[in-house]
Amino acid sequence: QVQLVESGGGLVQAGGSLRLSCAAFGFTVSSYGMAWFRQAPGKEREFVSAITWSGGSTYYTDSVKGRFTISRDNVKNTVYLQMNSLKSEDTAVYYCAKSPRYRTALPRPTAAEGYDYWGQGIQVTVSS
């Protein structure tokens, strides 16, 4: 059974760092594209970052480029989101998501409808 479990969120001061983890169960992250999305209060869910199944390509929304890094550990079957230089506008619930396409490129990595399984979400709060 496919399951995604996020961890690593919390409260941090502006300028600080956090690393989110997404532990995957029921499939191998090295065979599927993976992504992070976030949803702030009163706003729609938005794309943050994605990594292809091969790990050869990564994608970021403009507001996090140069500050966030997506990566994965195939041995631990876990995807990470390293978040540096955090800003108050990064405050949101962060979700991990899995692509349904086995060893296939992400046709629209920024589109939420392109992912079939989601984690429960984890809160990240950045205080200014």
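Structure's up top.
Residues numbered from 1 in each chain as written. Predicted model: local features only at pLDDT ≥ 70, side-chain atom pairs only at ≥ 80, totals over all residues. Heavy atoms only, no water.

1. Things to note about the overall build of the protein chain
- Per the secondary structure count, the protein chain includes 0 helices and 11 strands.
- Along the chain direction, N to C, the helices and strands of the protein chain fall in the order β-β-β-β-β-β-β-β-β-β-β.
- Against the 2.2 N^0.38 benchmark of 14 Å for 128 residues, the protein chain shows a C-alpha radius of gyration of 14 Å, consistent with a compact globule.
- Expressed as lengths along the three principal axes of its C-alpha atoms, the size of the protein chain is roughly 40 × 25 × 25 Å.
- Counting only contacts in the protein chain whose residues sit at least 6 apart along the sequence, the fraction spanning at least 24 positions is 59%.
- Across the protein chain, the mean location of the 13 positive side-chain charges is 6 Å away from that of the 9 negative side-chain charges. (Helix = DSSP H or I, 4+ residues; strand = E, 2+ residues; numbered from the N terminus. Rg over C-alpha atoms; globule rule 2.2 N^0.38 Å. Contact = heavy atoms within 4.5 Å. Lys, Arg positive; Asp, Glu negative; His and termini not counted. Charge placed at Lys NZ, Arg CZ, Asp CG, Glu CD.)

2. A word on the pairing of strand β4 (residues 32-39)
- Across the 8 residues that make up β4, a large majority, 7, are buried.
- With 7 bridges joining them, β4 and strand β9 (residues 92-102) adopt antiparallel strand pairing. Opposite Arg-38, over in β9, you have Tyr-94 as the bridge partner.
- As paired strands, β4 and strand β5 (residues 46-51) are joined by 5 bridges and run antiparallel to one another. Opposite Phe-37, over in β5, you have Phe-47 as the bridge partner.
- Where β4 hands over to β5, the hairpin turn is made up of 6 residues, of which Gly-42 adopts a positive phi near 75 degrees. (Buried < 20%, exposed > 50% of the residue type's maximum accessible area, 1.4 Å probe, protein only. Pairing = 2+ DSSP bridges.)

3. Here we look at the pattern of salt bridges
- Under the definition given, this model contains 6 salt bridges.
- Ionic pairing is found between Asp-90 and Arg-67, a salt bridge with its closest N-O pair at 2.8 Å. With a gap of 23 residues between them, Asp-90 in the loop between β8 (78-83) and β9 and Arg-67 in the loop between β6 (58-60) and β7 (68-73) connect regions that are remote in the sequence.
- Asp-116 is paired through a salt bridge with Lys-98; the nearest N and O atoms lie 3.2 Å apart. With a gap of 18 residues between them, Asp-116 in the loop between β9 and β10 (117-118) and Lys-98 in strand β9 connect regions that are remote in the sequence.
- Classification of Asp-116 as partly exposed rests on a relative accessible area of 34%.
- Each member of the salt-bridge network shares a partner with another, and the members are Arg-38, Glu-46, Arg-67 and Asp-90. (Salt bridge = Lys/Arg side-chain N within 4 Å of Asp/Glu carboxyl O.)

4. As for the environment of Arg-72
- Summarising the element assignment, Arg-72 is placed in strand β7.
- Sequence separation of Arg-72 and Ser-49 is 23 residues, and the distance between their C-alpha atoms is 12 Å.
- Those residues in contact with Arg-72 that sit more than four places away from it in its chain are Val-29, Ser-30, Ile-51, Thr-52, Trp-53, Ser-54, Gly-55, Thr-78, Val-79 and Tyr-80.
- Engagement of the side chain of Arg-72 in a polar contact is seen with the backbone oxygen of Thr-52, the distance being 3.0 Å. (Polar contact = N/O pair within 3.5 Å; in protein donor to acceptor, adjacent residues only side chain to side chain.)

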